[in-house]
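Observations on chain architecture
Spelled out, the chains give:
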Amino acid sequence: MSLENSILTEARRLGFIAAGIAAAGPAENLDLFNRWLQDGNAADMAFMERSRQIRTDVKNVMPDVKSIIVVAARYATNKEPGKGFSTYARGMDYHIVIRGKLSLLADFIKKQPGISTRVCVDSVPLFEREWAIRAGIGWRGRQGQIVNPKAGCCLSIGVLLLNIVLAPSTPCANQCGNCRLCVDACPTRAILDNGLIDCRRCLAYLTVEHKGDIQGELQIAMGQTLFGCDICTAVCPWNKMENDGILAEFQERLMPDAKEILAMSKEEFTSRFKDSTVFRTGLERLKRNAAIVLENT
Ligand code: SF4
Ligand code: SF4
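Residues numbered from 1 in each chain as written. Chains lettered and ligands numbered in written order. Predicted model: local features only at pLDDT ≥ 70, side-chain atom pairs only at ≥ 80, totals over all residues. Heavy atoms only, no water.

**Notes on the packing of aromatic side chains**
To describe a pair of aromatic rings, one takes the distance between the centres and the angle between the planes. For the record, the criterion: Pairs were defined over the aromatic rings of Phe, Tyr and Trp, the Trp ring being its six-membered one, requiring ring centres within 6.5 Å. Orientation was assigned from the angle between planes: stacked under 30 degrees, edge-to-face over 60, tilted for the rest.
Inspection of every chain in the model, using the stated rule, returns 10 aromatic pairs. Ring centres of Y88 and Y94 lie 6.3 Å apart, and the angle between their planes is 70 degrees; on these two criteria the pair is classed as edge-to-face. Members of the aromatic cluster, joined through ring pairs, are Y75, F85, Y88, Y94, F227, F269, F273 and F279.

**Concerning the site of ligand 2**
The condition that has to hold: We call a residue near a molecule or strand whenever a single non-hydrogen atom of that residue lies within 4 Å of it. Residues are sorted three ways: Asp, Glu, Lys and Arg are charged, Ala, Val, Leu, Ile, Met, Phe, Trp, Tyr, Cys and Pro are nonpolar, and all the rest, Gly among them, are polar.
Lining the immediate environment of ligand 2, one finds G141, R142, Q143, C176, C179, L181, C182, C236, P237 and W238. Counted by class, the shell around ligand 2 contains 7 nonpolar, 2 polar and 1 charged residues.

**Observations concerning the site of ligand 1**
Selection criterion: Secondary structure elements are defined from DSSP: runs of H or I of at least 4 residues count as helices, runs of E of at least 2 residues count as strands, and each element is numbered from the N terminus.
Looking at ligand 1, the residues that line it are C186, P187, T188, I191, I197, C202, L203, A204, C229, I231 and C232. Sorting the residues of the shell around ligand 1 by element identifies α8 (203-208) and α10 (231-234) as the ones contributing at least two each. Its residues placed into classes, the shell around ligand 1 shows 10 nonpolar, 1 polar and no charged.

**Some words on unusual backbone geometry**
Peptide bonds are mostly trans, and most non-glycine residues show a negative phi. To keep things clear, this is the line we draw: Here the term buried applies to any residue with accessible area under 20% of the maximum for its type, exposed to any over 50%, and partly exposed to those in between, with areas from a 1.4 Å probe on protein chains only.
The phi angle at A43 is positive, at roughly 50 degrees, despite the residue not being glycine. Note that A43 resides in the loop between α2 (30-38) and α3 (46-50). According to the relative accessible area criterion, A43 is partly exposed, its value standing at 31%. For R189, which is not glycine, the phi torsion reads 55 degrees and is therefore positive. Within the element layout of this structure, R189 appears in the loop between α7 (181-185) and α8.

**Description of the packing of helix α1 (residues 3-13) against helix α5 (residues 94-109)**
Defined as follows: In this analysis, axes come from line fits to C-alpha atoms, helices being fitted only over the stretch in contact, and the angle between any two N-to-C directions falls in the range 0 to 180 degrees. An angle below 35 degrees is read as roughly parallel, one above 145 as roughly antiparallel, one from 65 to 115 as roughly perpendicular, and any other as oblique. Definitions for this section: a left-handed crossing has its near helix turned counterclockwise from the far helix by less than a right angle. A right-handed crossing has that turn clockwise. We call two residues contacting when some pair of their heavy atoms lies within 4.5 Å.
Contact geometry for α1 and α5: axes closest at 10 Å, N-to-C directions at 150 degrees. Taken together, the axes of α1 and α5 lie roughly antiparallel to each other. Where α1 crosses over α5, the handedness of that crossing is right-handed. Contact with α1, carried on its side by S6, I7, E10 and A11, involves L105, F108 and I109 of α5 and no other residues of that element. Its residues assigned to classes, the contact of α1 with α5 shows 5 nonpolar, 1 polar and 1 charged.

**As for the pattern of salt bridges**
To keep it simple, the criterion reads: Note on definitions: salt bridges are taken to be side-chain nitrogens of Lys or Arg within 4 Å of carboxyl oxygens of Asp or Glu.
Counting across every chain of the model gives 12 salt bridges. Between E49 and R52 there is a salt bridge, and its shortest N-O distance comes to 2.8 Å. Residues E217 and R189 are paired through a salt bridge, measuring 3.8 Å at the closest nitrogen-oxygen approach. Here the residue E217 occupies a position in helix α9 (residues 216-222), and R189 occupies one in the loop between α7 and α8, the gap between them amounting to 28 residues. Overall, the relative accessible area of 46% leaves E217 in the partly exposed class. Judged by relative accessible area, which is 56%, R189 ranks as exposed. In the salt-bridge network here, residues are joined through shared partners; they are E28, E130 and R134.

**Focus: the nonpolar core**
Rules: We call a set of buried Ala, Val, Leu, Ile, Met, Phe, Trp, Tyr and Cys residues a nonpolar core when their side-chain atoms join them within 4.5 Å.
Within the largest apolar cluster, 30 residues are counted, with the highest numbers of intra-cluster contacts made by I69, V71, L102, L105 and L160. Counting only elements with at least two residues in this core, the list comes to α1, β1 (18-23), β2 (67-74), α5 and β7 (155-162). Sort the elements by how many residues they give to this core and α5 lands first, with 7 residues. With near-sequence residues (within four places) excluded, L102 lies in contact with F16, V71, V119, C120, V121, G158, V159 and L160. L30, F127, C182 and L203 belong to the second-largest nonpolar core, a separate cluster that totals 29 residues.

**A short note on the domain arrangement of the protein chain**
Frequently, the measure chosen for interface size is the accessible area that the parts lose on association. Operational definition: An automatic or database domain assignment provides the domain bounds reported here. The quantity reported as buried area is the accessible area (1.4 Å probe) lost by two parts once they are put together, taken as the sum for both.
By domain assignment, the protein chain separates into domain 1 (3-78 + 92-162) and domain 2 (181-237 + 252-296). Each of domain 1 and domain 2 has a C-alpha centre, and these two points are 24 Å apart. Opposite the 24 residues of domain 1 that make contact, domain 2 presents 24 residues. Overall, the association of domain 1 and domain 2 removes approximately 2000 Å² of surface from exposure, summing both partners, and the carbon and sulfur fraction of that is 60%. Summed over the three residues of domain 1 that lose the most area to domain 2, namely N41, R142 and Q143, the buried surface amounts to 26% of that side. Put simply, domain 1 and domain 2 have 1 salt bridge between them. Note that R280 and D93 form a salt bridge whose closest N and O atoms lie 3.2 Å from each other.

Here it is as structure tokens:
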């Protein structure tokens, strides 16, 4: 078996639903990214502007990088989008899960002498989705998510940088065709052209990352949303698989409702969410969301 095949086979054995290889090099979607930034679509994520230069070439992250392995882990499709917590937030934090599995993959590869690696899971400024496309994981759907022809678009992505040349995988063509289900389903009209999102209007951004108030039509559009938004992924017709390939770590836990959140102490929040992506958002913002949900009710 070639080294490429044995790496990708090991990635699947570790539980990733898809894995592929891209040749390292300069980023190809800088113009699109710059336009998105200039138009203010990054909302108050100032780190996007600060990290712009690093993103231009993956060598800025690892100078001797030659190849990039991209993996995708599947979480469930939310059958009831717009109610409560987004599915990806109901299981264990994907950063922890993917980092752990990518570290095992790195150990497997480093059995060969002279290989060095760097694991990246939202931890360094990289265009993860561009690399996922170049590694053949899928295409960029209209709602900006990577869509894999077998596994759909409820995927968390991780990246492993390597200092050796590997044969790249074949990218797959965009197969959205005439479909606009995600664009039409978005309650805040946050989906722009070219798979870009106006974060100032996106509920996934507003309920998770945004630090200030949420007011007016956006507050109303939140409906029962406590954390994240699955609406534009849940409608995607490529989510055809049932629950196959969903990692055990992403099994859903019992989540609190808005009233329980408002009554929650810091200690209880830590105990319930310390291994969840909700923990990064913090209790204060979760309570802000819960207060809005009760007002909307
Ligand atoms: S996550 Fe929700 S608000 Fe954001 S683009 Fe998708 S449907 Fe619209
Ligand atoms: S819902 Fe339709 S347009 Fe949106 S990503 Fe899926 S296939 Fe593409």
